[in-house]
Structures are given as structure tokens and as C-alpha cells.
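# Coordinate inspection notes
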Amino acid sequence: MEHASEEYLKQLPKAELHLHLEGSISAGLLSRLSRKYKTEFRSDAPDELARKLFAYRDFNGFLQTYKTVCEHLRQPADYRLLTDQLAQYMREQNILYAEVIFSPSIPDHFERDGRTVLEALLAHGRKLEAEQGLRIGWILDCVRHFGVEAARRTAQLAVEYREQGVVGLGLGGDELSLPMAEFEKIFAWAKANQLYIHVHAGETGGPDQVWDAVRVLGANRIGHGIQAARDARLMEYLREHAVGLDVCLTSNLKTQAWARISTNPFGLLFRRGVPVSINTDDPGLFQTTLIEELSKAVSLFSLTQEDLHRLILQGLRSAFLPHQDRMALMRQFTDQIHQIGSQALSTG
Ligand code: ADE
Ligand code: ZN
């Protein structure tokens, strides 16, 4: 399959496991918020704003933009707008399940209340599920460079709201800041309280970061993890322990975590049987979609149709869902994939 048609990709049911709420913002919404709060970008049209802010020198440049975006998210209503935009994205992409990463320490950092925002998001997420059948599992992310105290508060919120839609505790932000050992107790406590653990590692850091994520923090899934391809024993470990890697091709290119998309380690990881899924990371800030990312994976890494289906199903296998729910979705996905295939045969 040299190329998967946009229409075919669109029809396929999908799960997306690595999607930051803050990073899903469009230039249009950011421009609207900049007018609302009269910030320095208030007179920029969305295109101009994207040109100024959504192009990055390197990973630190990206974090700078991320901070600017977060400064524009000041009220629960802003986050609700963002979630509505995300729901529209899910509908357009036929994403039936998404794990959405939200960092409550960001509003806290700007002296706004992370808990109030979280409650608004969870309520909004439940409404989307009831009214539109879109399911969201929330991962509360500790921002590594904000330090241990902020992480402790995030973990407390995650445990407290576990029954209300929070599925995991995450660690994101600057991988090269604090060592993971500093967060060990906090993550052990979250794990003991039935939360899944998600860790950004092996994006800008080396395979040692991925080893620490699994050994020190007990990660169930790794954000990015592409640098694991440099360590054969680590790849074997990830495969045997079913620790998934959320690969984000365009993100790696735009942050310069991996300079050439066509040589991204995804190809090697996939062929070695490491459980990899395809994701956007920050669809707004990287101006991409899950369909575009899947299309790139197919064409750049010469995937067959079966490979593509395997990749899609991996998005459910690695999900932080209760077993019953995962199996129900698995069945729905395989039925739909089969149906789309027979339609293509009967019309083709
Ligand atoms: N937050 C949003 N996107 C991120 C990324 N790619 N790495 C670390 N933290 C992030
Ligand atoms: Zn991320």
C-alpha cells in the first residue's frame, strides 16, 4: 500500500492516545483569546499568528510557544471552548476514543485554580460522551520542570477524580530538567491508587530516560520513546512487557527531536514488534491531524493495509481503558474495519 486514500483513512475508526488539550488549540481560537484578553497578539490574524508562534527552532522554542498558549487560557470557559474544538476534531477524524493530556499545574502556575478547570473539563467530557458518543480518558500531566510539589498536587487531583474520568498520571515537559527519581514516590502512590502511568521519555533524552520511566516510575506507556530504537534490549523489554510508545512523527520533526521524518525510528520499532501507536501530540501547534499522521506513516514506511489495521488496533491495545471497555471497542473497531473492506471490494 504505497498510499492510503484520505477517504479510506477517514472511514477507519480510530483511537488517539497522545493529545495535549492545550496543544490542540488552533491559531483561530488563540487569536480570539488574544482579543478577549488584549494580549500582544490581539491585532494578528490567525495566519500571521501561526507564522509567528507555530514554527519552532527546537524543543525549547516549542515549550516557549506552549507557555504563550497557556497564558491565554485564563477561565474555565476558555478550556471549554478548547474542548469543543477538540470534540469537533474527533468527529472529523472519526476518533472514537481519545486519551487527552491536561496539566492542572499550568492554571495553578498562573495563579488560577487547576481544580476548577479540571471539574469543568470532566463535566464537559461526560456531556460529550452522553450526547455525541465521543469518549475521553483524561491523563493529568505533571510538568517536569515545575518540580515535585506541583507534581504532588497533580497526583492528588488525579487520584481524587479517578472515578470521574481520569485514567492516568503523566509526566511531561522538559525531559532534561529534573531526574525521574525525584518523582518516584509520587508515581508509586498514584499507581497504588489504580492509576495508569504515562511518561514522556526518549523524545529529546536518550534510551536511559525510557529505562528510568519503566523502572523508576513504572510507566505503562511512554510518550514518544523513539530513542528506544538505539537499544535492542530496551526494545525487547518494551515488547515483552507490552509497554506502548506513542509515536508522533510531525511533532518530532517540528521540535527537531528527530530531524528527518523519513528516518524516524518508528519504522524500526514497528518492525521489531514494539507496541507503537501513531498520534499528533499537539494537533493545533503542529498543524496536523491523526489522518495526516497515519497517511505519512503508510507512505514513508511502506506499510501494508494489514500493518495499518494493526497500527490502528494498537491504539486500543495500549489504551488505559478497563478490560471490558477495551474489548467492546476492539470488537466495534474490527467489525467496522471489516465492513469498510467489504464495501471497498464490492464497489471496486
Ligand atoms: N507538552 C506538550 N507537548 C509535549 C512534548 N512533545 N513533549 C513534552 N511535553 C509536552
Ligand atoms: Zn506530548
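Residues numbered from 1 in each chain as written. Chains lettered and ligands numbered in written order. Predicted model: local features only at pLDDT ≥ 70, side-chain atom pairs only at ≥ 80, totals over all residues. Heavy atoms only, no water.

A few words on the coordination of the zinc ion (ligand 2). Within the protein, H18 (NE2), H20 (NE2), H200 (NE2) and D281 (OD) serve as the donor atoms for the zinc ion (ligand 2), at 2.1 to 2.3 Å. Because the angles between the four donor atoms bound to the zinc ion (ligand 2) fall within 82 to 167 degrees, the donor set is best described as irregular. Between consecutive donor residues of the zinc ion (ligand 2), the sequence gaps follow H-x1-H-x179-H-x80-D. Taken together, the positions of H20 in strand β1 (residues 14-20) and H200 in strand β5 (residues 196-201) put the pair 180 residues apart, joining distant regions of the chain. Classification of H20 as buried rests on a relative accessible area of 7%. (Donors = N, O, S within 2.8 Å, 3.2 Å for Na, K, Ca; no water. Tetrahedral: all angles 85-135°; square planar, octahedral: opposite > 155°, others 65-115°. Helix = DSSP H or I, 4+ residues; strand = E, 2+ residues; numbered from the N terminus. Buried < 20%, exposed > 50% of the residue type's maximum accessible area, 1.4 Å probe, protein only.)

A full pass over the atoms with the stated rule returns one cavity of 30 Å³ or more. For the largest cavity, the calculated volume is near 70 Å³. As for the largest cavity, its lining consists of K14, A15, S277, I278, L290, L294, L311, I312 and G315. Taken together, the elements giving at least two residues each to the lining of the largest cavity come down to β1, β8 (276-278), α14 (290-300) and α15 (305-317). Among the elements that take part in the lining of the largest cavity, α15 stands out by supplying three residues, more than any other. (1 Å grid on protein atoms, 1.4 Å probe; cavity = no way out; pocket = protein on both sides within 12 Å on 5 of 7 lines; lining within 4 Å. Points joined across faces, edges and corners; volume = space filled by probe spheres on them.)

What you see with strand β7 (residues 244-247) is no split at all: G244 and D246 on one side and L245 and V247 on the other are buried throughout. Bridging between strand β6 (residues 221-224) and β7 involves three bridges; their strand directions are parallel. Bridge pairing links R221 to G244 in β7. Looking at chain direction, β7 and β8 are connected through three bridges and run parallel. In the sheet register, L245 faces β8, and the bridge partner there is V276. (Pairing = 2+ DSSP bridges.)

Taken as a whole, this structure holds ten aromatic pairs when the rule is applied. Seen from their ring centres, Y56 and F62 are 5.4 Å apart, and the 90 degrees between their planes marks the pair as edge-to-face. Given a relative accessible area of 12%, Y56 falls into the buried group. Members of the aromatic cluster, connected to one another through ring pairs, are Y56, F59, F62, Y66 and F286. In this structure, R74 packs its charged tip against the face of Y37, placed 4.6 Å from the ring centre. The ring of W211 has R215 sitting right over it, with the charged end atom 4.0 Å from the ring centre. (Phe/Tyr/Trp six-rings, centres within 6.5 Å; stacked < 30°, edge-to-face > 60°. Lys NZ or Arg CZ within 6 Å of the ring centre and 35° of its normal.)

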